[in-house]
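Report on the structure
In case you want the letters, here they are:
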Amino acid sequence: MTTPILTASDVTVQFGGLRACDGVGFEVTRGELFAIIGPNGAGKTSVLNAITGIYRPLQGASIVYCDRQGRKHELIGMKPHRIVRLGIARTFQNLGLFPHLSVLDNLMLGRYIHQKRGVLSTGLFLPAAVREELEQRESVERVIELLEMAEFRWEQVGSLPYGIQKRIELGRVLTMEPDLLLLDEPMAGMSVEEKRDILRFIFEIQRRLGVTVILIEHDMAVVMSVAERILALNFGRPLTIGTPEDVARHPEVVEAYLGANGG
Amino acid sequence: MPLDKFLQLLLSGISLGAIYALVALGFVLVFKATSVLNFAHGSFLMLAAYLTSTLLGSLGLPFAVGLLVVALSLAVLGVVLHYTVMQWMVGKAFFSVVLVTVGMEIVIRAVILVFWGPLERGRVQGLPQGTFSVGGAVIPYVNLIILAAAGILVLAFLVFFNRSRMGLHMRAVADNLEAATAMGIDRNVVYAGAWAIGLLLAGVGGVLYAHFSPSVNLGLGVIGLRAFPAAILGGIDSVPGAIVGGMIVALVENIGAGYLGAQWRDVIAFGIMFLVLLWRPSGLFGTKELIRV
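First, a word on what this report is: a plain description of the structure on this page. (Residues numbered from 1 in each chain as written. Chains lettered and ligands numbered in written order. Predicted model: local features only at pLDDT ≥ 70, side-chain atom pairs only at ≥ 80, totals over all residues. Heavy atoms only, no water.)

Turning next to the overall build of chain B. Check the secondary structure of chain B and you find 12 helices and four strands. Here chain B has a C-alpha radius of gyration of 19 Å; the compact-globule value for 293 residues is 19 Å, and the two agree. C-alpha extents for chain B along the principal axes are approximately 60 × 45 × 35 Å. Considering chain B as a whole, with its 293 residues, one finds that 53% of them fall into the buried category. Between the averaged position of the 15 positive side-chain charges in chain B and that of its 10 negative side-chain charges there is a distance of 4 Å. (Helix = DSSP H or I, 4+ residues; strand = E, 2+ residues; numbered from the N terminus. Rg over C-alpha atoms; globule rule 2.2 N^0.38 Å. Buried < 20%, exposed > 50% of the residue type's maximum accessible area, 1.4 Å probe, protein only. Lys, Arg positive; Asp, Glu negative; His and termini not counted. Charge placed at Lys NZ, Arg CZ, Asp CG, Glu CD.)

To continue, consider the sheet that holds strand β2 (residues 18-28) of chain A. Residue and element names in this part refer to chain A. Here four strands make up an open sheet; going across it, the order is β2-β1-β4-β5 and the pairing antiparallel. Each having just a single partner strand, β2 and β5 (72-74) make up the two edges of the open sheet. Geometrically, the sheet is characterised by an average inter-axis angle of 25° between neighbouring strands, direction not taken into account. Pairing geometry for strand β1 (residues 6-15) and β2, over seven bridges, is antiparallel. By the bridge assignment for β2, Val 13 is matched with Cys 21. Sitting on the sheet, helix α1 (residues 44-51) is in contact with β1, β2 and β4 (62-66), with an inclination near 65° to β2. (Pairing = 2+ DSSP bridges. Axes fitted to C-alpha atoms, helices over the stretch in contact; angles between N-to-C directions. Contact = heavy atoms within 4.5 Å.)

Right, let's talk about the pattern of salt bridges for a bit. All told, the structure shown has 22 salt bridges over all chains when counted by the stated rule. Here A:Asp197 and A:Arg200 are joined by a salt bridge, their closest N and O atoms 3.4 Å apart. A residue pair is termed a helical-turn pair when its members lie 3 or 4 positions apart in one helix, as A:Asp197 and A:Arg200 do in helix α7 (residues 192-208) at three residues. One network of salt bridges, in which partners are shared, links B:Arg226, B:Glu253, B:Arg265 and B:Asp266. (Salt bridge = Lys/Arg side-chain N within 4 Å of Asp/Glu carboxyl O.)

What follows deals with the interface of chain A and chain B. The interface is formed by 28 residues belonging to chain A together with 18 residues belonging to chain B. Per-residue buried area on chain A facing chain B is highest for A:His81, A:Phe98 and A:Leu109; these three make up 27% of the total on that side. Summed over the shared surface of chain A and chain B, the result is three salt bridges. A salt bridge links B:Arg165 to A:Glu132, with the shortest nitrogen-to-oxygen separation between them at 3.0 Å. Every element with two or more residues in the side of chain A that touches chain B is listed here: α2 (80-85), α3 (103-110), α4 (119-123), α5 (127-146) and α6 (162-176) of chain A. Looking at the side of chain A that touches chain B residue by residue, the class counts come to 15 nonpolar, six polar and seven charged. (Buried area = accessible area lost by both parts, 1.4 Å probe. Nonpolar A, V, L, I, M, F, W, Y, C, P; charged D, E, K, R; others polar.)

Set out below in structure tokens:
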């Protein structure tokens, strides 16, 4: 049994009198595809924002991340940009791109967590920094080829169609080469065909590149078909954790979903 | 001959425009990267001009050394300013942040008064003083050097902003702060960098203006605030707009004041600003609907 890549316990996020999530705890095994499901407003994104350091959970919570070298880091209280640099990438429910920057710049920004040269040496264009920049550029070019986007690498991202923008955002995840990837409803508002594309992409990145994925999704059917384990939330409280089969049979999950959809 | 006069005003206006472009560029950079509308920008130019009059005028340092010292001092001041004051204003209401910069302006003015006193100081003469004539217009060498120095710095800035990693990070933070954080960018480093570069540009503007203006005095802050009409004409979030806007404001102002009288200088510059705000609030190159949160 390997040490889990992420161990969260007793995560409670409160806004005024409202508990967005309440006493949530789970473990994510390295390499797995873990899903967090729940109806709208169940607190899924709050859990994600607690992991990425955007929200600060109440006292007593703990979120421990184990990096590739086996070092453990308590994420609570850490600055968001530091958490990213540990190898934790995320996508946004709405696009998290830079609309006025070129496709190339958008992808290059994904390489930053692997860039070690400081501001000064890159600012002065020192040889080592230039070499690093060129290496990064090469790996970005590989992704551009993979995404078949060579012809619009200089285009402003904001001028491209939505479907292509989503592809660029996922492509940027490839350039980031994260250890842990948090996907916040990546298929929201997409056609069945586009959903299938995204799912294929998620499989690729998880199976082929060995990236651990936490997928947030409210579409039960999608999650059931891909996730290895699922955490179900409702009104901020954890209902159950288990395999898709277990979770689908869990009476409270059935009620939360059927109640929300059918009632 | 009237054409000689026009040429004279045009050519000296170009040098002035180069200074305005620098100053507006610094102002726009700070606004773009940190969303702060910096009302103290003019007083940084003034501070730099006073430093210049001491370092180059009284102490007699060579021009290049003085320029470097003032530019770096202002850049360091920018970093210090961010980490001591502006950092705590991040995310506060736009209006509160503006008021902090207004307060900053008052403090700098007071500091100048304390250290340099209320009397105006003469024009700094750290550059070769001769003149040459072009088609009937008499041009001081100083103007030529100012134009060259400002031009080089503007180009250097453009390379930095469009090609360097820090420049990329500034553009990223300006475009989508949330996404920039998700890329692992520390916004405080970017903000401090923007303040440093912004004040450096105002600082160099101050050094050059101290060689251009007949005197160094407490009215120089208004020259720094030319960044407002220049930036608004160019489009307040546009880097090329700041350069073009600075040049146009200086030319119109210089030529207009040459014919109407020097007392019209400020009226013309800020008159341009009013007209732009009335007819084309986004300026020549600005984002059409600018919403800042």
